[in-house]
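An overview of the molecular structure
For reference, the chains in residue letters:
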Amino acid sequence: MSCKTKPLPIPADAIRAAAERYPTPFHIYDEEGIRANARRLNRAFAWSPGFRNFFAVKACPNPFIMKFLTEEGFGADCSSLPELLLAEATGIKGAAVMFTSNDTPAEEFVKARQMGAIINLDDITHIDFLRRVAGLPDRICLRYNPGPLKDGNAIIGKPEEAKYGFTRDQMLEGYRTLRDYGVKRFGLHTMVASNELDPQYFIDTAGMLFQLAVDVHRELGIVIELINLGGGIGIPYRPDQQEVDLEMVGEGIRDAHERILAGAGLPPVKLCMECGRLVTGPYGCLVTRVRHIKRTYKQYAGLDACMANLMRPALYGAYHHITVIGKEDAPCDQIYDVTGSLCENNDKFAIDRPLPALEPGDLLVIHDAGAHGHAMGFQYNGKLRSAEYLRRPDGRVTMIRRAETVQDYFATLDLERLKTF
Ligand SMILES: *Cc1c(COP(=O)(O)O)cnc(C)c1O
């Protein structure tokens, strides 16, 4: 069988050179690719003055990447205190930070207020909670969950099954309450899909939000000034998938904006998004070597990476393409389960994957690991997270996070106390 091919985000020679210099496994990202993609997103919304993507920090919480994204006009979308602190350490604050959390502890609201972040409330009870613990800012955003009014997609699921956001009635009640409390400026947010590849889905979602803004104005006289369309733009993980036509998304949303908002006599809103996956996903990969080949009831290629480096396949059954460096033209005439060393049988990067014949030492690239990859790592089973490298536009490769060591594994333990325990 001939191999399905997918272009590498970084030339094979550069990956091979990095793997000769640095121990595998590691994640490597391409700055130029990420920047070009950020510009593509900005261009799609160039018609909307002040458009901003708040990069979803959880997708790739690395301050080196967050920092150069600010040069492309991006902000940061945070949902926890450590993510807020990371944004602050990167130099991102004020209205360049969107705080979209849920089940939020008081100290996170306090920090978000102190940083001047735009707070996006997840629940109607959080209005009084925020007022009590941190005081209400004069601008606030509410997260909408359309429930049965909108179909969801696989990762987030049906909106009415999702824990996020206000119902429609609660949105109206929430804005009214906030206005009565003296809040002056209002935003509207939703995030109903994840890894969605259909451009129309985003256009329909925007249309739904514009309509809600019209309804809020009609019923309460409140003008929504900021609409956050959330993240969730998907990427083509499979070789036969197409990337989302951002231009079409931008144009479709422009039409809806014109038709619904301008049509109702409302002023233009400030549009924003919180995309993470789209921004870094395709421009990062996991570089790993085959450690052992095992043949029992199936044929296994055991790697030096495991699900602690990339757990999407184990967590969602997600497809990640694999390229074998140096065997790009070899026939894919072998079938492997490609595994890690974690003691869980779902620690597999691929199941029944046609690949060229592999041997120990072969260098593999697991594609599209630039978002929700390293970030999802954990230490279960004593597996340590790998280093992250960045390929700069001039081709230099620089470390942007070191690998964890055994000292990190022990860092939360006080072994002195064990002696007298
Ligand atoms: C996860 C998340 C995002 C980013 O999602 P992507 O699929 O990476 O674009 C944005 N906003 C919120 C609220 C999220 O939970």
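Conventions adopted
- Residues numbered from 1 in each chain as written.
- Predicted model: local features only at pLDDT ≥ 70, side-chain atom pairs only at ≥ 80, totals over all residues.
- Heavy atoms only, no water.
- Domains from an automatic or database assignment.
- Contact = heavy atoms within 4.5 Å.
- Buried area = accessible area lost by both parts, 1.4 Å probe.
- Salt bridge = Lys/Arg side-chain N within 4 Å of Asp/Glu carboxyl O.
- Polar contact = N/O pair within 3.5 Å; in protein donor to acceptor, adjacent residues only side chain to side chain.
- Helix = DSSP H or I, 4+ residues; strand = E, 2+ residues; numbered from the N terminus.
- Near = heavy atom within 4 Å.
- Areas by Shrake-Rupley, 256 points an atom, 1.4 Å probe, with all protein chains shown as cover.
- Nonpolar A, V, L, I, M, F, W, Y, C, P; charged D, E, K, R; others polar.
- Pairing = 2+ DSSP bridges.
- Axes fitted to C-alpha atoms, helices over the stretch in contact; angles between N-to-C directions.
- Core = buried A, V, L, I, M, F, W, Y, C linked by side-chain atoms within 4.5 Å.
- Buried < 20%, exposed > 50% of the residue type's maximum accessible area, 1.4 Å probe, protein only.

On to the domain arrangement of the protein. The assigned domain composition of the protein is domain 1 (12–28 + 282–410) and domain 2 (31–279). Here domain 1 and domain 2 have C-alpha centroids that lie 32 Å from each other. Taken together, the contact pairs 20 residues of domain 1 with 24 residues of domain 2. Both faces considered, domain 1 and domain 2 share a buried interface measuring about 1900 Å² in area, 59% of it formed by carbon and sulfur atoms. Three residues, Y283, Y319 and H372, lead the burial of domain 1 against domain 2; their summed loss comes to 30% of the area buried on that side. Our count for the domain 1 to domain 2 interface comes out at one salt bridge. Two residues, E31 and R392, come together in a salt bridge whose shortest N-O distance is 2.5 Å. Taken together, the connections running from domain 1 to domain 2 amount to seven residue pairs in polar contact (both at pLDDT 80 or more). Mapped onto the side of domain 1 that touches domain 2, the elements with two or more residues apiece are α11 (312–316), β16 (387–391) and β17 (397–401).

Another point: the site of the ligand. Around the ligand, the structure places 14 residues, and the nearest of them are K58, G232, E274, R277 and H372. At a separation of 2.8 Å, an oxygen atom of the ligand approaches a polar side-chain atom of K58. Within the complex, the protein chains bury 90% of what would otherwise be the 390 Å² of accessible surface of the ligand. Residues of the shell around the ligand, tallied by class, amount to three nonpolar, six polar and five charged.

Attention now moves to the sheet that holds strand β4 (residues 97–100). If you walk around this closed barrel you meet the eight strands as β2-β3-β4-β5-β6-β7-β8-β9, and the pairing is parallel. Sheet twist, expressed as the mean angle between neighbouring strand axes with direction ignored, is 25°. Two strands pair when backbone bridges link them, and strand β8 (residues 224–228) and strand β9 (residues 270–273) are joined in this way by three bridges, in the parallel orientation. Counted as the bridge partner of I227 is L271 from β9.

F45, Y175, L188, F210, I227, I253 and L271 are the most contacted members of the largest nonpolar core, which has 80 residues in total. At eleven residues, the largest contribution of residues to this core is made by helix α8 (residues 199–220). The two domains that each donate at least three residues to this core are domain 1 (12–28 + 282–410) and domain 2 (31–279). Beyond its immediate stretch of four places on either side in the chain, L271 contacts F45, W47, S48, G50, F51, R52, F210, I227, L229 and I253. Of all hydrophobic cores here, the second largest spans 17 residues; its members include L286, L303, L310 and I322.

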